[in-house]
Amino acid sequence: VLGSADVEKLSRFTPIPSVDGDCFTIGTESLSRLSVRRTYFCICPHCIREDLAQYDGPVATRPWLRLEWIITHFRSCDRHNVLLVPTTPTRRRYQPFDFTEWIAAIVPKLDELAQASVKISPSPFQKWMMDRLEGRCDAANWLDDMPLSAAIAFCETLGLSALHPPKVLVTSLSVSEHATAADEGFKIACQGDVEIERLLTRLADAQSTTRGFWGLRDTFGHAYGLLESTKNSRDYAKPRNLFRRVAIANVPIKAGTSVLGEVLEKRVVHTIRSAANVSGAHSLTIRRLFERKQLRDEATLQLMDHRVTVKSDELERILDDLKSALTTTQVQQVTGIPRNHLFYMINAGHLPTVTGSHEKAY
């Protein structure tokens, strides 16, 4: 009343904590507890200078606190395209920060802050967030039927997966790097399944050139970690189902493994090593089988045994046959056919092999 504020609008855009304190409500949207800055805020020095010039009254009371300055996912001012500046207001027990008190202290340094502000490109991610907070949704946006809190977290982690190594330490990234990742994640996610699947396939292909255990978290990065930690939440059902489908189709996962809350009943992707384990054949035999059947290109076959993959349905019949097949040595022992005669029979096609080989084989 004293400031002639629009009470309805002020209430509409004020974060209201839930009874249990787990989230904040802004209009019809909810944000997680950590999404709202409660002990400090950020500012755009250019906005404050404009407020000082536009309004009347005591200097410290002219600037007004924007919603974007207290939500952690806003990292820049889309009006002036600069990074927001964090503040250090006085901390008082059981009391919120005093915005006006801090403004009074910072006014003398305002020009210096404005000159030191870091330029950054406009943020589509932040524009989308503000549209959601103001009640505007786009039916064509893949994210807009997800709860806002879940959609925000998914965009930010998807961008981290797209731009950084899977094990990147999030706390080591700068504010601008976080902002860039959020924009990248939004750019991919808002387009839907096709673009997200293209990214995940690229990440799986990149992982195929590495060593060691082929883990899903190590393949898909922080976005997979988010979905794994929220696998019981309905809010993340759509991206979780998409990640699960792409992971099963591109990564060699053992049957019986839990993938984002669902157990894989049948292996979909084999490697040379897993095919050898299932069939009992030597890895070199399986590698030559891959070559002979042209199941993978020559470049892929240069990779290690546990990184060369093939769809299991292309191998299923052959692997079943190999389980009961005899080696040439075993055939010699059972039949007594001399080695040279046996090889002649194989080469002449009189004795077909399971693997299609015309040399020593199964």
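Scroll up for the structure.
Remember, predicted model here, so these are calculated numbers, not experimental data. (Residues numbered from 1 in each chain as written. Predicted model: local features only at pLDDT ≥ 70, side-chain atom pairs only at ≥ 80, totals over all residues. Heavy atoms only, no water.)

A. Fine view of the layout of surface pockets. Of the volumes computed, that of the largest pocket is approximately 1600 Å³. For the lining of the largest pocket, the secondary structure elements donating two or more residues are helix 1 (7-12), helix 2 (45-54), strand 5 (76-77), helix 3 (99-106) and helix 5 (124-133). For the lining of the largest pocket, the element with the most residues is helix 2, which contributes 4 residues. For the lining of the largest pocket, the class distribution of residues is 22 nonpolar, 8 polar and 13 charged. (1 Å grid on protein atoms, 1.4 Å probe; cavity = no way out; pocket = protein on both sides within 12 Å on 5 of 7 lines; lining within 4 Å. Points joined across faces, edges and corners; volume = space filled by probe spheres on them. Helix = DSSP H or I, 4+ residues; strand = E, 2+ residues; numbered from the N terminus. Nonpolar A, V, L, I, M, F, W, Y, C, P; charged D, E, K, R; others polar.)

B. Looking closely at the pairing of strand 2 (residues 23-26). Along strand 2, the buried face is formed by Phe24 and Ile26; none of Cys23 and Thr25, which line the opposite face, is buried. Pairing of strand 1 (residues 16-17) with strand 2 involves 2 bridges; the strand directions are antiparallel. Residue pairing across strands places Ile16 opposite Thr25, the latter belonging to strand 2. Adjacent in sequence and paired antiparallel, strand 1 and strand 2 are bridged by 5 residues, among which Gly21 carries a positive phi angle near 80°. In terms of strand pairing, strand 2 meets strand 3 (residues 29-32) through 4 bridges, oriented antiparallel. Looking at the pairing, Ile26 lines up with Glu29 of strand 3. The hairpin turn running from strand 2 into strand 3, its antiparallel successor, is 2 residues long, and Gly27 in that turn takes a positive phi close to 65°. (Buried < 20%, exposed > 50% of the residue type's maximum accessible area, 1.4 Å probe, protein only. Pairing = 2+ DSSP bridges.)

C. Geometry of the pattern of salt bridges. With the rule as written, the count across this model stands at 17 salt bridges. Salt-bridge contacts for Glu156 lead to Arg75; the nearest nitrogen and oxygen are separated by 3.0 Å. Linking Glu156 in helix 6 (residues 148-163) with Arg75 in the loop between helix 2 and strand 5, this pair joins segments that are 81 residues apart in sequence. Given the relative accessible area of 15%, Glu156 is considered buried. A salt bridge links Lys167 to Asp218, with the shortest nitrogen-to-oxygen separation between them at 4.0 Å. Here the residue Lys167 occupies a position in the loop between helix 6 and helix 7 (175-189), and Asp218 occupies one in helix 9 (residues 216-229), the gap between them amounting to 51 residues. Given the relative accessible area of 66%, Lys167 is considered exposed. Each of Lys127, Asp131, Glu134 and Arg136 takes part in one network of salt bridges that share partners. (Salt bridge = Lys/Arg side-chain N within 4 Å of Asp/Glu carboxyl O.)

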